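Commentary on secondary and tertiary structure
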Amino acid sequence: MTHQEKWGTRIGLILAMAGNAVGLGNFLRFPAQAAQNGGGAFIIPYLISFVLMGIPLLWVEWAIGRHGGLYGMHHVPGMMDCMGKSRALKYAGVFGIFTNLGISAYYVYIESWTLGYVWYSVTGAFTGMTAQEVSRLFSIYLGTGSGSFVNFAPISFFFLLLTLVLNIWILSRGVSKGIEKTCEIGMPLLILFGIFLTIRALTLKAGVSGASHDALIGLNFLWQPQLGSLTNPKVWLAAAGQIFFTLSVGMGSVHVYASYVKKNQDIALNAASAGWMNEFVEVLLGGSIVIPIAVAYLGLDWVQTNVGFEMGFRTLPSLFQNWGPLLAALGGLAWFGLLFFAGITSSLAMGQPVISFLQIEFGMSRNRSAWLFGLICFAMALPCVLFYEAGCFGEYDFWAGTFSLVAFALIEIIVFAWIFGMDKGWKEINRGSDIKVPQFFRFVIKYITPLFLLAVFLGSIFKPENGDWAAAVSRLAQGSSWNLAPDSVLGTLLNRGMTDKRWFVDGKPTAVLFVGATRIFLVAIFACIAALVHKAWKNHAHPKEES
Amino acid sequence: MTWSAFLTMALTWCVISYFTIRFFAKALKTPVKEETDMEFMRKDA
């Protein structure tokens, strides 16, 4: 089956890649991570991680993608298979489909909240509501807080379906006419909304527009260097983790987008451009909206204890109400609009790897494969939606959206630098390059980035209680056991965060049961994809890298 | 806002803005190569 997709313009490609990287985490995760890990001092390990791990990984993924594209492989199992002689390599690529399916299942759901909240904002649904009522509206929207295990709310279901259909429609139009066009509209709008909110946030002064503090106090909190935190491994792991997730590396979406770049066209400059654009949006815009606005109205103490993902939905809409009806509606539109564009440009990137796999390996039309992706995504989203409170959502995020990314990135960097080989790899990165990649990065890609990733991988598996590595090591030296954090990989597997480990209590299923069932479901999905890859390679011959 | 916080923020913003604009502007200015493989290989050699 021929696969004749290509990017229309260079700016379209860069905006699509930047759109893939810029996601909800840029605005909701980064400020929280920075605030919890040393404020201004967080930025030092953050930027070091960007240079030593983020940028090299981007180059590696673009190179793997373009190299696979030369063989007609626009899906990750095929690309990985092209990297060496081993037949097992294609199975490493299973991650590149699994993570995209697993993440898109809950990501599209969050994306649909932002669409729902755009609607609420422009229709003035928050007008006259107290802060508690706005917060409660979010619970009602999700169908949570009723004590039932099933979280069903027709409004959230409606927006989920609408968002899903929109994604399918765009994906069915193809790479150039669908994804590229959407990113060319969405990314400039996202930046425009972000600039509007940043200016509004940074000009908030105590006593004006209902603010009780200067917004600059929030900025000070975020940027005040606490150099002592630099010696804390927890801060370094958090910074490396943030860089990792913000760039959308380890997913397979970068590879697939890059596979549509022609053989002799630049990847080094494009990757650097998209990567830095993501940093611009994350640090300059993402760091200047949520925390300054929240601190201006609620004070520093409140923010320090409540900073987190849901703050953007539970708290911000009520704060916008202090700006008057018109600015409140505009603020809501800009905030949820930018989150929506950040979300959709990423979810489209998650759909493409699945669609191209179905098209190339099973001969499906673009339209049919887009709808099939939507159907699978919907089926996988159902547990996240219906059993949101029982922890299904969190399990998807942890296993598909966190663990698998790190695992795959570690595998791919080893395959690229050590199996494909740095000689060929370096040539691949530099072929047709419009910038001269410093020779220093050859060493970084071969040794430093794999070690960085290994540290993040092992750190996530063995993370000690409270992330306090020094205390954990000293306890171990004294002969005590290693206290695993509940959110470490091992701690999660052992359900360390759960006090009651029974499956049923008074005949009702417990969260332990739902969490366990979700894990089995995710393993089954991974196995199914591996079986499909196996079948695809049985069905017809695939090109192999020549030695 | 303290001076140390302001300087950390200003320096970070400048570094990120500089590289973002520099790379993006270069990508916009540089025409996309449409040469054939043969032309490219000849030049590369």
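Up top is the structure.
Just so we're clear, the structure is a prediction, and the values are computed from it rather than from any experiment.

Section: the overall build of chain B
- Broken down by element type, chain B carries 2 helices and 0 strands.
- Burial statistics for chain B: of 45 residues in total, 27% are counted as buried.
- Total accessible area on chain B stands at roughly 3300 Å², and carbon and sulfur atoms take up 69% of it.

Here we look at the overall build of chain A
- When its secondary structure is counted, chain A shows 25 helices and 2 strands.
- For a compact globule of 547 residues, the expected C-alpha radius of gyration is about 24 Å, and chain A comes in at 23 Å, within 12% of that figure.
- Dimensions of chain A, computed from the C-alpha atoms along their principal axes, are close to 70 × 60 × 60 Å.
- Out of the 547 residues in chain A, the part that is buried amounts to 61%.

Thoughts on helix 4 (residues 43-70) of chain A
Residues and elements named next belong to chain A.
- With 28 residues, helix 4 should cover 40 Å at 1.5 Å per step; its first-to-last C-alpha distance of 38 Å lies within 8% of that length.
- The principal kink in helix 4, of about 45°, is found at Phe50.
- Counting buried positions along helix 4 gives 24 out of 28 residues, so the element sits mostly inside the fold.
- Positive phi appears at Gly72, one or two residues downstream of helix 4, with a value of about 80°.

Here's the deal with the packing of aromatic side chains
Residues and elements named next belong to chain A.
- What the rule picks out here adds up to 49 aromatic pairs over all chains.
- Aromatic pair Tyr117 and Phe313: ring centres 5.6 Å apart, planes at 85°, arrangement edge-to-face. Here Tyr117 is found in helix 7 (residues 95-122), whereas its partner Phe313 is found in helix 17 (residues 311-314), with 196 residues between them in sequence.
- The positively charged end of Lys446 is found above the aromatic ring belonging to Trp418, 4.7 Å away from the centroid.

A look at the packing of helix 20 (residues 366-386) of chain A against helix 21 (residues 392-430) of chain A
All names here are of chain A.
- Direction vectors running N to C along helix 20 and helix 21 enclose 125°, while the axes themselves pass 6 Å from each other. In terms of their interaxial angle, helix 20 and helix 21 are classed as oblique. Judged by residue contacts, Met380, Pro383 and Cys384 of helix 20 engage Cys392, Phe393 and Tyr396 from helix 21.
- For the contact of helix 20 with helix 21, the residue count by class is 6 nonpolar, no polar and no charged.

Quick word on the side chain of Glu5 of chain A
Residue and element names in this part refer to chain A.
- With respect to the secondary-structure elements, Glu5 resides in the segment before helix 1 (10-21).
- Within the structure, Glu5 has its side chain in polar contact with the backbone nitrogen of Val175 (distance 3.1 Å).
- With sequence-adjacent residues up to four places away left out, Glu5 is seen in contact with Gly174, Val175, Ser176, Tyr260 and Arg366.

Topic: the pattern of salt bridges
Residue and element names in this part refer to chain A.
- Inspection of every chain in the model, using the stated rule, returns 11 salt bridges over all chains.
- In this structure, Arg10 and Asp266 form a salt bridge, with 3.0 Å as the shortest nitrogen-oxygen distance. Within this pair, whereas Arg10 is found in helix 1, its partner Asp266 is found in the loop between helix 13 (253-258) and helix 14 (268-285), the two being separated by 256 residues in sequence.
- The exposure class of Arg10 is buried, given its relative accessible area of 11%.
- With its nearest N and O atoms 3.6 Å apart, the salt bridge here joins Glu428 to Arg66. With Glu428 in helix 21 and Arg66 in helix 4, the pair connects residues that are 362 residues apart, well separated along the chain.
- The structure contains a network of salt bridges with shared partners spanning Arg10, Asp266 and Asp434.

Quick word on the interface of chain B and chain A
- In this assembly, 27 residues from chain B lie in contact with 34 residues from chain A.
- The tally of links between chain B and chain A comes to 6 residue pairs in polar contact (both at pLDDT 80 or more).
- Listed by contribution, the elements that provide at least two residues to the side of chain B that touches chain A are helix 1 (3-29) and helix 2 (37-44) of chain B.
- The element that contributes the greatest number of residues to the side of chain B that touches chain A is helix 1 of chain B, accounting for 16 residues.
- Within the side of chain B that touches chain A, the residues separate by chemical class into 14 nonpolar, 8 polar and 5 charged.

Notes on unusual backbone geometry
Residues and elements named next belong to chain A.
- Backbone geometry at Ser248 places phi at a positive 55°, although glycine is not the residue there.
- The phi torsion at Asn495 lies on the positive side, around 55°, for a residue other than glycine.
- The topology assignment puts Asn495 in the loop between helix 24 (489-493) and strand 1 (504-505).
- Overall, the relative accessible area of 14% leaves Asn495 in the buried class.

Things to note about a nonpolar patch on the surface
- Together, Leu216 of chain A together with Met1, Trp3, Phe6 and Leu7 of chain B line one region of the surface with nonpolar side chains, adding up to about 530 Å² of accessible area.
- In terms of residues, the nonpolar patch owes the most to one element, helix 1 of chain B, which gives 3 residues.
- Residue placement: Leu7 of chain B occurs in helix 1.
- Look at Leu7 of chain B and you get exposed, because its relative accessible area is 52%.

Side note on the environment of Val512 of chain A
Residue and element names in this part refer to chain A.
- Within the fold, Val512 resides in helix 25 (residues 511-539).
- A relative accessible area of 8% means that Val512 is categorised as buried.
- Residues Val512 and Gly391, spaced 121 residues apart in sequence, show a C-alpha to C-alpha distance of 8.6 Å.
- If we skip the residues at most four places from it in the chain, Val512 touches Asn495, Met498, Asp500, Lys501, Arg502 and Trp503.

Calculation notes
- Sequence order sets the numbering: in each chain, residues are counted from 1 along the sequence as written.
- Key to labels: chains lettered from A, ligands numbered from 1, both in the order written.
- For this predicted model, a pLDDT threshold of at least 70 governs which residues receive local features, and a threshold of 80 or more governs which side-chain atom pairs are given and counted, while totals over whole chains, interfaces and linings are taken from all residues.
- In computing side-chain values, all of the structure's heavy atoms are included and hydrogens and water are not.
- Put simply, DSSP H or I for four residues or longer makes a helix, DSSP E for two residues or longer makes a strand, and each gets a number counted from the N terminus.
- Working definition: with a 1.4 Å probe on protein chains only, accessible area under 20% of the residue-type maximum means buried, over 50% means exposed, and in between means partly exposed.
- Computed by Shrake-Rupley with a 1.4 Å probe, the accessible areas treat only the displayed protein chains as cover when residues are assessed.
- What the globule rule says is 2.2 Å times the number of residues to the power 0.38, and the radius of gyration is computed from C-alpha atoms.
- Take the number of residues in a helix, subtract one, and multiply by 1.5 Å to get its expected span.
- The angle separating two fitted axes, one through the seven residues that finish at a residue and one through the seven that start at it, defines the bend at that residue.
- When the centres of two rings from Phe, Tyr and Trp lie within 6.5 Å, Trp using its six-membered ring, the rings pair. Their planes under 30 degrees apart give stacked, over 60 give edge-to-face, and anything left gives tilted.
- A ring is scored as having a charge over it whenever the NZ atom of a lysine or the CZ atom of an arginine sits within 6 Å of its centre and within 35 degrees of its normal.
- Note on geometry: axes are C-alpha line fits, over the in-contact stretch for helices, and angles between N-to-C directions span 0 to 180 degrees.
- Note on terminology: angles under 35 degrees are roughly parallel, angles over 145 are roughly antiparallel, angles of 65 to 115 are roughly perpendicular, and the others are oblique.
- Two residues form a contact once any of their heavy atoms are found within 4.5 Å.
- Each residue receives one of three labels: charged for Asp, Glu, Lys and Arg, nonpolar for Ala, Val, Leu, Ile, Met, Phe, Trp, Tyr, Cys and Pro, and polar for the others, Gly being one of them.
- Distance and chemistry together define a polar contact, namely a pair of N or O atoms within 3.5 Å, with one atom able to donate a hydrogen and the other to accept it when in protein, and with adjacent residues in sequence counting only for side-chain atoms on both sides.
- Every case where a carboxyl oxygen of Asp or Glu lies within 4 Å of a side-chain nitrogen of Lys or Arg is listed as a salt bridge.
- Like-charged residues within 9 Å of one another, or nonpolar side chains (Val, Leu, Ile, Met, Phe, Trp, Tyr) within 5 Å, are grouped into patches, provided each residue has over 30% relative accessible area and no salt bridge.

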